[in-house]
Amino acid sequence: MQSIKSNALEPTAPELAALSPWQALLRRLPVYGLPLLTILLIIFFSVLLPDTFPTALNARSILADKAIVAMLALAATLPMMAGRIDLTVGFGIVMWHILVLSLQVKYGIPWPLAIVLTIACAAFVGFCNGLLVEVAQVDAFVATLGTGTILYALALWHTEGRQIIGTLPPAFIAINTLSLPTPWVSIPIPAIYVLVLAIVLWVMSERLPIGRYIYAIGANEKAAALNGIPVRRYVIGVFVCSGILCGLAGCVLGAKLRIGQANVGLDFLLPALVGAFLGSTTIKPGRVNVWGTIFGILILAVGISGIQLLGGAFFVEPLFNGVTLVVAIALAAFAQRRRTAVKTPAAPAPSPGGAAS
């Protein structure tokens, strides 16, 4: 089977060795363009807002505010690796943060067990999504939109349009409020969750056979099946893992808000998808990847924070997310076409004598 690494657009060492230093730099730009743009944005806003943007308080605010979105973006990245999409990452977090709070407030279940039950329910929904997509052969967009809408309806039914309010254990609240002190900034614990998850998913996707199998399914499902990869098992598996990450994000959101309400959560869907799509344009251009997703969320966080500190109106964030999503999808499509053009050999010229009849 052809190496999955060869499907991405990052330059190889022999290719770079044959180029001049300037040409090699230009060749690397598609790979590291997004991280470089993130750094330039940080410098730009730091120069414009020296008293408010380059501060430890703002850095902590960015990390804390976008950590849950980053977890959902990683959840969305997994099915995308296999060529599918999971819209329940936005709808599901509505249900899961309500469920983890209700189990404690209404039913008196200890918070560790409440978290386990919530994540188990999220994994079951992911399993159902996998069955719909692979066994029932329903389009992933339609299947996850349907199950997500059902989850949202269940959340409305459970709350009856009211808030879930009650006394929560301090240990449960601490899963969002704890911080890791450093000499520069106190890192909120949700950002640590994101870093650990990103490392685990990176090892899985880039260093283990399971990652190569998932990428192979996303690149060419029929070819993967012909090479002996159990497509159905892996696709169902990525939906289950996506559900688990979504359930974890819901628990962290519950600890952050300390109240449950059905009108909270859907706003996470768009930025999570933007981060995943934008991530496919960097690090491994033309291919969804973990660190690309992280940088996709980071550039959204930096851009929105800087615009808001400059006095941007309340509609700036959804506008920024929407424009970035359109640009990200366009860039991803361009990278995909470029990858196809590079990997598809030109048709051989016909011989002068023509083919014998």
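All of the points below concern the structure found in this document.

## Points about the pattern of salt bridges
Next up, step 1: Under the criterion given, the structure shown has five salt bridges.
Next up, step 2: When the shortest N-O distance is used, the salt bridge between Asp65 and Lys256 registers 3.9 Å. Residue Asp65 is found in helix α3 (residues 56–81), and its partner Lys256 is found in helix α11 (residues 231–257); the two are separated by 191 residues along the sequence.
Next up, step 3: Put simply, Arg162 and Glu160 hold a salt bridge, and the shortest N to O gap is 2.5 Å.
Next up, step 4: Its relative accessible area of 55% is what places Glu160 among the exposed residues.

## Some remarks on empty space enclosed by the protein
Next up, step 1: Inspection of the entire model under this criterion finds one cavity of 30 Å³ or more.
Next up, step 2: What the largest cavity holds in volume is close to 50 Å³.
Next up, step 3: The wall of the largest cavity is formed by Thr88, Val89, Gly92, Trp96, Ala122, Val125, Gly126, Leu151, Gly243 and Cys246.
Next up, step 4: Broken down by secondary-structure element, the contributors of at least two residues to the lining of the largest cavity are α4 (88–105), α5 (111–135) and α11.
Next up, step 5: With four residues, α4 is the single largest residue contributor to the lining of the largest cavity.
Next up, step 6: Looking at side-chain class alone, the lining of the largest cavity contains six nonpolar, four polar and no charged residues.

## Overview of a nonpolar patch on the surface
Next up, step 1: Together, Tyr32, Leu36, Leu37, Ile39, Leu40, Ile43 and Val47 line one region of the surface with nonpolar side chains, adding up to about 670 Å² of accessible area.
Next up, step 2: Relative to the assigned elements, Leu37 resides in helix α2 (residues 21–48).

## Regarding the packing of aromatic side chains
Remark: the centre distance and the inter-plane angle together describe each pair of aromatic rings, the angle taken between the planes.
Next up, step 1: Inspection of every chain in the model, using the stated rule, returns three aromatic pairs.
Next up, step 2: Consider the rings of Phe45 and Phe53, whose centres lie 5.5 Å apart with planes at 40°: the pair is tilted.
Next up, step 3: Judged by its relative accessible area of 6%, Phe53 is buried.
Next up, step 4: Ring geometry for Tyr213 and Tyr234: centres 5.7 Å apart, planes at 65°, overall edge-to-face.

## Comments concerning the packing of α4 against α5
Next up, step 1: Running from N to C, α4 and α5 cross one another at 150°; their axes reach a closest spacing of 9 Å. One element, α4, and the other, α5, form an angle in the roughly antiparallel class. In the packing of α4 onto α5, the handedness of the crossing is right-handed. Within the contact between the two elements, α4 uses Thr88, Trp96, Leu99, Val100, Leu103 and Gln104 and α5 uses Trp111, Ala114, Ile115, Leu117, Thr118, Cys121, Ala122, Val125 and Asn129.
Next up, step 2: Considering only residue class, the contact of α4 with α5 consists of 11 nonpolar, four polar and no charged.

## Some words on the side chain of Glu206
Next up, step 1: Its location among the elements puts Glu206 in helix α8 (residues 189–207).
Next up, step 2: Reaching out from Glu206, the side chain makes a polar contact with the side chain of Arg287 at a distance of 3.3 Å.
Next up, step 3: Leaving out residues up to four positions away in the same chain, Glu206 has contacts with Tyr215, Lys284 and Arg287.

## Notes on the nonpolar core
Next up, step 1: Ile68, Leu72, Leu74, Ile93, Trp96, Phe172 and Ile217 are the most contacted members of the largest nonpolar core, which has 78 residues in total.
Next up, step 2: With 13 residues, the top contributor of residues to this core is α3.
Next up, step 3: Sequence-distant contacts of Trp96, that is, excluding residues within four places in its chain, are made with Thr118, Cys121, Ala122, Val125, Leu151, Cys246, Gly247 and Gly250.

## Here's the deal with the packing of α5 against helix α6 (residues 140–159)
Next up, step 1: Two elements in contact, α5 and α6, have axes whose closest approach is 9 Å; the angle formed by their N-to-C orientations is 145°. As for how α5 packs across α6, the hand of that crossing is right-handed. Together, Val125, Asn129, Leu132 and Val133 of α5 and Ala140, Ala143, Thr144, Thr147 and Leu151 of α6 make up the contact between the two elements.

## Section: the side chain of Ser102
Next up, step 1: Within the secondary structure, Ser102 sits in helix α4.
Next up, step 2: Look past the residues within four positions of Ser102 in its chain and what remains in contact with it is Tyr107, His158 and Ile164.

## So, unusual backbone geometry
Next up, step 1: Located in the positive-phi region is Gln137, a residue other than glycine, with phi close to 60°.
Next up, step 2: Positionally, Gln137 belongs in the loop between α5 and α6.
Next up, step 3: Phi is positive for Arg258, close to 65°, though the residue is something other than glycine.
Next up, step 4: Relative to the helices and strands, Arg258 resides in the loop between α11 and α12 (269–279).

Criteria and thresholds
- Residues numbered from 1 in each chain as written.
- Predicted model: local features only at pLDDT ≥ 70, side-chain atom pairs only at ≥ 80, totals over all residues.
- Heavy atoms only, no water.
- Salt bridge = Lys/Arg side-chain N within 4 Å of Asp/Glu carboxyl O.
- Helix = DSSP H or I, 4+ residues; strand = E, 2+ residues; numbered from the N terminus.
- Buried < 20%, exposed > 50% of the residue type's maximum accessible area, 1.4 Å probe, protein only.
- 1 Å grid on protein atoms, 1.4 Å probe; cavity = no way out; pocket = protein on both sides within 12 Å on 5 of 7 lines; lining within 4 Å.
- Points joined across faces, edges and corners; volume = space filled by probe spheres on them.
- Nonpolar A, V, L, I, M, F, W, Y, C, P; charged D, E, K, R; others polar.
- Patch = residues over 30% accessible without salt bridge, like charges linked within 9 Å, V, L, I, M, F, W, Y side chains within 5 Å.
- Areas by Shrake-Rupley, 256 points an atom, 1.4 Å probe, with all protein chains shown as cover.
- Phe/Tyr/Trp six-rings, centres within 6.5 Å; stacked < 30°, edge-to-face > 60°.
- Axes fitted to C-alpha atoms, helices over the stretch in contact; angles between N-to-C directions.
- Parallel < 35°, antiparallel > 145°, perpendicular 65-115°, else oblique.
- Left-handed = near helix turned anticlockwise from the far one by under 90°.
- Contact = heavy atoms within 4.5 Å.
- Polar contact = N/O pair within 3.5 Å; in protein donor to acceptor, adjacent residues only side chain to side chain.
- Core = buried A, V, L, I, M, F, W, Y, C linked by side-chain atoms within 4.5 Å.

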